[in-house]
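Here are the chains, one letter per residue:
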Amino acid sequence: MKKRKVAILGATGLVGQRFVKLLEGHPWFEVSALTGSARSVGQSYYDCCKWHLPGRIPKWAGTMSVQPSQSSLDAEIIFSALPSDIASTLELELAADGYHVFSNASSNRMAPDVPLLIPEVNSDHAELVRLQRNKRGWNGTIVTNCNCTATGVTLSLKPLYDDYGLKRVFLTSMQALSGAGHPGVSSLDAIDNIVPFIDGEEQKMQSEPLKMLGRFDGTQIVQADFGISAHCNRVPVSDGHMVCVTVELDRSASVEQIYTSFSSFCPDEIVSQLPSSPREFIRVFAEEDRPQPKLDRQTGDGMTTMVGRVLADSMLHVRYVVLSHNTIKGAAGGSLQNAELLLKKGLI
Ligand SMILES: NC(=O)c1ccc[n+]([C@@H]2O[C@H](COP(=O)([O-])OP(=O)(O)OC[C@H]3O[C@@H](n4cnc5c(N)ncnc54)[C@H](OP(=O)(O)O)[C@@H]3O)[C@@H](O)[C@H]2O)c1
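Read on for a plain summary of the structure. It should be emphasised that the depicted structure is a prediction, and the values quoted were computed from it without experimental measurement.

Let's shift gears to the packing of helix α7 (residues 148-164) against helix α9 (residues 201-212). Pairs of packed helices are described in terms of their axes, by the angle between the two and the distance that separates them. For the pair α7 and α9, interaxial distance at closest approach is 10 Å and the crossing angle is 40°. Viewed along their axes, α7 and α9 adopt a mutual orientation that is oblique. With respect to the hand of their crossing, α7 and α9 are arranged in right-handed fashion. On the side of α7, the interface is formed by Thr 149, Ala 150, Val 153, Thr 154 and Leu 157, while α9 contributes Glu 201, Lys 204, Met 205, Glu 208, Pro 209 and Met 212.

The six strands lie next to each other as β10-β7-β11-β14-β13-β12, forming an open sheet whose pairing is mixed. Every interior strand has two partners, whereas the edge strands, β10 (227-234) and β12 (282-284), have only one. Across the sheet, the mean angle separating the axes of adjacent strands is 20° when strand polarity is ignored. Relative to β10, strand β7 (residues 166-175) runs parallel, the two sharing eight bridges. In the strand pairing of β10, Arg 168 is matched with Gly 227. Each of β7 and β10 touches α9; the most contacted strand, β10, lies at about 145° to it.

Right, let's get into the environment of Val 271. Considering the arrangement of structural elements, one finds Val 271 in helix α11 (residues 269-272). You can call Val 271 partly exposed: it has 19 C-beta atoms within 10 Å. The contact partners of Val 271, leaving out residues within four places of it in the chain, are Pro 119, Glu 120, Ser 123, Ser 277 and Leu 341.

Once that is clear, we can look at the site of the ligand. Around the ligand, 28 residues are found, and the nearest of them are Gly 10, Gly 13, Gly 36, Ser 40 and Gly 181. Breaking the shell around the ligand down by element, the ones donating at least two residues are α1 (14-23), α4 (84-96) and α13 (328-344). Tallying contributions element by element places α1 first for the shell around the ligand, with three residues. When its residues are assigned to classes, the shell around the ligand shows 10 nonpolar, 17 polar and one charged. Summarising the domain contributions, the shell around the ligand has at least three residues from each of domain 1 (4-146 + 331-344) and domain 2 (148-325).

Relative to strand β2 (residues 29-36), strand β1 (residues 4-9) runs parallel, the two being bridged by five bridges. When the sheet's bridge partners are listed, Ala 7 is paired in β2 with Ala 33. In this region the chain leaves β1, passes through α1 and returns to the parallel neighbour β2; the handedness of that crossover is right-handed. Across four bridges, β1 lies against strand β4 (residues 77-80) in parallel orientation. Considered in β4, the bridge of Leu 9 is made with Ser 80.

Conventions we followed
- Residues numbered from 1 in each chain as written.
- Predicted model: local features only at pLDDT ≥ 70, side-chain atom pairs only at ≥ 80, totals over all residues.
- Axes fitted to C-alpha atoms, helices over the stretch in contact; angles between N-to-C directions.
- Helix = DSSP H or I, 4+ residues; strand = E, 2+ residues; numbered from the N terminus.
- Parallel < 35°, antiparallel > 145°, perpendicular 65-115°, else oblique.
- Left-handed = near helix turned anticlockwise from the far one by under 90°.
- Contact = placed C-beta atoms within 7 Å.
- Pairing = 2+ DSSP bridges.
- Buried ≥ 20, exposed ≤ 12 C-beta atoms within 10 Å, placed from the backbone.
- Near = placed C-beta within 6 Å.
- Nonpolar A, V, L, I, M, F, W, Y, C, P; charged D, E, K, R; others polar.
- Domains from an automatic or database assignment.
- Right-handed = clockwise from strand over helix to strand, strands pointing away.

Encoded structure:
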């Protein structure tokens, strides 16, 4: 397969850096452009990027000159790691100019004609891009991935929703500092502390899973019909969002059945064939004190969703914790998987 040219928008940020790292040696994509803000434009990536990942900046990226985030990029596919306020109009302009945009920003996620994708959960929603192109009169594409905390939660709810139905879901998140980008939360606010507020996060947690678990009827997404109540907290962990989940099912099930639903979860065959998909989609821990961000977030190179403490709940049916790597599965890795899915389906 001829490699497709891809650009990374916001390449100097935390998510942008993950893209750089994950795209090194990618079998289907080659990076042809890196962009940043006015602060970085015209400089080499070595000079303007404060690198936060283990190891060095790959040489091919370090020597590239950072370009403005605009519609003259030598690329077919665009991975956007821009802040939402910039992304909201720019990503639409790029799609209108024929680029295939895969976004991490929240601004276009809930638009009815924009697929909000986790391939393991709703690969069929990718077909929505055909309607998007007709409706908007463009040849480009805009596809988004979801909020990085919603990623692990939605993926873990998928087998329960399919097997037993869902009535109510209560969530309490413990979200890593890298979720706020760089410089993010100041050290004085973060160390020895928990911040019980993340702007807009609880609303996203309460709405995005319903779209992703919804049914595509050929013309629109009919959203899933169950309640979600979310508390979101920022905790002093570098990477990996952990969420405590308590669930009321439609049809009751034993803990053993639920454990089996998680451990036997397998998405559509096409998803298993994507280069960025992990071998193990959900890992269920039997140990009573796992998963933990420090020990487990790199499972499946950061692409596996980890579930543990699966227990009967004294008031509802079941509770568990779920952990997902926020800048890999919840951002850059998830976006790569989305683009791979559309290519594999012949949609771009
Ligand atoms: N961090 C996560 O875990 C995570 C997970 C899922 C989704 N997201 C979303 O992904 C996006 C990026 O997040 P991040 O954590 O990587 O943020 P970040 O570390 O703050 O990086 C922001 C990037 O955007 C660029 N940028 C800022 N203002 C710009 C402007 N006016 N024009 C063009 N480029 C501009 C920055 O370039 P310069 O360095 O050149 O200024 C930098 O490359 C956000 O929408 C975020 O909500 C983040």
